[in-house]
Amino acid sequence: MQRYTYKVVEVREKLIGGKLSGGKLEKLLNDHAEDGWQLKAITSAEVKGRIGPGGVEGLLVTFERPVQ
């Protein structure tokens, strides 16, 4: 049976103005694909911000690849 390993990347929207761009997401996906990662899921979530205890709108991007 094939086994997999997983990686979850937090992607935050900018703290001041602006939304997550399609280009930024595309680059993230392509960069991970070059290392053998395949997209498993994208989930909207509140992720930890850089400043203070609160969260900011963002995405959790989950990748998987077969265990070598």
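Structure report, in brief. Fair warning: this is a prediction, and the values are worked out from it, not measured in the lab.

For the protein, the helix and strand inventory stands at one helix and three strands. Helices and strands appear in the protein in the N-to-C order β-α-β-β. Counting over 68 residues, the protein shows a buried share of 24%. In the protein, 62% of the contacts between residues at least 6 apart in sequence involve partners at least 24 apart. Summed over all atoms, the accessible surface of the protein reaches about 5300 Å², with 51% contributed by carbon and sulfur.

What follows covers helix α1 (residues 22-34). In this model α1 runs 18 Å from its N-terminal to its C-terminal C-alpha over 13 residues, within 8% of the 18 Å that 1.5 Å per residue would give. Along α1, the residues classified as buried are Leu-25, Leu-28 and His-32. Taken around the axis of α1, the buried residues stretch over an arc of 60°, which confines them to a single face. Across α1 from its buried face, at more than 90 degrees, point the exposed residues Gly-22, Glu-26, Lys-27 and Glu-34. Note on α1: the residue one or two positions beyond its end, Gly-36, has a positive phi of about 90°.

Calculation rules
Residues numbered from 1 in each chain as written. Predicted model: local features only at pLDDT ≥ 70, side-chain atom pairs only at ≥ 80, totals over all residues. Heavy atoms only, no water. Helix = DSSP H or I, 4+ residues; strand = E, 2+ residues; numbered from the N terminus. Buried < 20%, exposed > 50% of the residue type's maximum accessible area, 1.4 Å probe, protein only. Contact = heavy atoms within 4.5 Å. Areas by Shrake-Rupley, 256 points an atom, 1.4 Å probe, with all protein chains shown as cover. Expected span 1.5 Å × (residues − 1). Arc of directions from axis to C-beta.

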